[in-house]
Amino acid sequence: MTESARFFTDLTRAAGATPAPLLLAVSGGPDSMAMLVLAAAALPGGVAAATVDHGLRSEAPQEAAMVAEHCARIGVPHATLTGAVDAAASLQAQARRLRYQLLAAHARAIGAEAIATAHHADDQAETFLMRAARGSGLSGLAGVRARVTIEGVTVVRPLLDWRRAELRALARRAEAPFVDDPANADARHDRTRFRRLLDANEWLDPPRLARSAAALAEADADLRAVADWVWAARATTGKGEVTLTIDDLPRALLRILARRAIATVRAEAAIHEPEWSDSANVEPLLDALAAGRRATQAGVIAGMRRGAWRFRPAPARRTRV
């Protein structure tokens, strides 16, 4: 099988179909430049590329121009998307959010069915180890998903079975220019330290770690499917509240259902502060509910009522005079 045929197969498996037109997120690194080469060969005339400049590095405009020049050489439409992040807040989280916002807006503008990113097996292994070291649960250990929805657009990762080294070699053979992000060698970043750990220990096999993450992702998807069924059968929503009949459900399901109930109440009551994430720690809340106590999280108060869990907006705090 040729490399382009392999990519086509992996893309179709990740997306569930062949997404065309497909928007490629190309940073100018060897991984994304290899993806550009593969996609252009596998889907001639069916791909476009975009490079995001967050305004954080002086080299970024030149790197975007490098990508644009190579795209012109191989006949792939390219756009440079620009935005700015607030230096006073978490740069990495903001940069990621901005990146997907810009990519999603551009995908909609050009009618792309999906966005492809160049996450690969080594990225997956690093993510798995990082999250294991932090004590992550099933969802976190599942790592980088092959297909997700971000900013209302499908994002696919067709390179999760490809190694970093083979992608770099592929880009070189294709004479595609690329640059190495200096942040990848910065030991202040957790990912850099785990990358060095993998490089220094051959017995930590990235493809096997990536397969473990994929197996956990499948288990997590199955658990969420069961949670959807339980929600439809046992959750009652209305008037900004959620009532959930729990009976003797396992804690793994309760964790998903509690997060969904909080998110539902927040959406219906237009609660925006404090911030909320589907990966937020809800263990103290579950412990309180199991003991028959009320608990508040992310602007939502939960308690027992007639043998069911009840979630509703938390009352405003009284201001002391």
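Quick notes on the rules
- Residues numbered from 1 in each chain as written.
- Predicted model: local features only at pLDDT ≥ 70, side-chain atom pairs only at ≥ 80, totals over all residues.
- Heavy atoms only, no water.
- Pairing = 2+ DSSP bridges.
- Helix = DSSP H or I, 4+ residues; strand = E, 2+ residues; numbered from the N terminus.
- Axes fitted to C-alpha atoms, helices over the stretch in contact; angles between N-to-C directions.
- Contact = heavy atoms within 4.5 Å.
- Phe/Tyr/Trp six-rings, centres within 6.5 Å; stacked < 30°, edge-to-face > 60°.
- Buried < 20%, exposed > 50% of the residue type's maximum accessible area, 1.4 Å probe, protein only.
- Salt bridge = Lys/Arg side-chain N within 4 Å of Asp/Glu carboxyl O.

Account for the sheet that holds strand S5 (residues 147–150), with residues named and values stated.
The mixed open sheet is built from six strands, whose spatial order is S3-S2-S1-S4-S6-S5. Edge positions in the sheet fall to strand S3 (78–82) and S5, since each of these pairs with one other strand and no more. Going from strand to strand, the sheet's axes swing by 30° on average, the running direction of each strand aside. Looking at chain direction, strand S2 (residues 47–53) and S3 are connected through five bridges and run parallel. From the neighbouring strand, Ala-49 faces S3, where its bridge partner is His-78. The sheet contacts of helix H2 (residues 30–42) involve strand S1 (22–25), S2 and strand S4 (114–116), and relative to S1 the element is tilted by about 160°.

Could you give an account of the packing of aromatic side chains, naming the residues involved and the relevant values?
Scanning the model with the defined rule gives one aromatic pair in all. Ring centres of Trp-309 and Phe-311 lie 6.3 Å apart, and the angle between their planes is 70°; on these two criteria the pair is classed as edge-to-face. Residue classification places Trp-309 among the buried positions, given a relative accessible area of 2%. With relative accessibility at 0%, the residue Phe-311 sits in the buried group.

I'd love a proper account of the pattern of salt bridges, names of residues and values included.
Taken as a whole, this structure holds 22 salt bridges when the rule is applied. Linking Asp-122 and Arg-163 is a salt bridge whose minimum nitrogen-to-oxygen distance equals 2.9 Å. Of this pair, Asp-122 sits in helix H5 (residues 121–133) while Arg-163 sits in the loop between strand S6 (153–156) and helix H7 (164–173); the two residues are 41 residues apart in sequence, bridging distant segments of the chain. With a closest N to O distance of 3.9 Å, Asp-205 and Arg-208 form a salt bridge. Looking at Asp-205, the relative accessible area reads 27%, which means it is partly exposed. Among the charged side chains, a salt-bridge network with shared partners connects Asp-122, Asp-123, Glu-126, Arg-163, Arg-164 and Arg-195.

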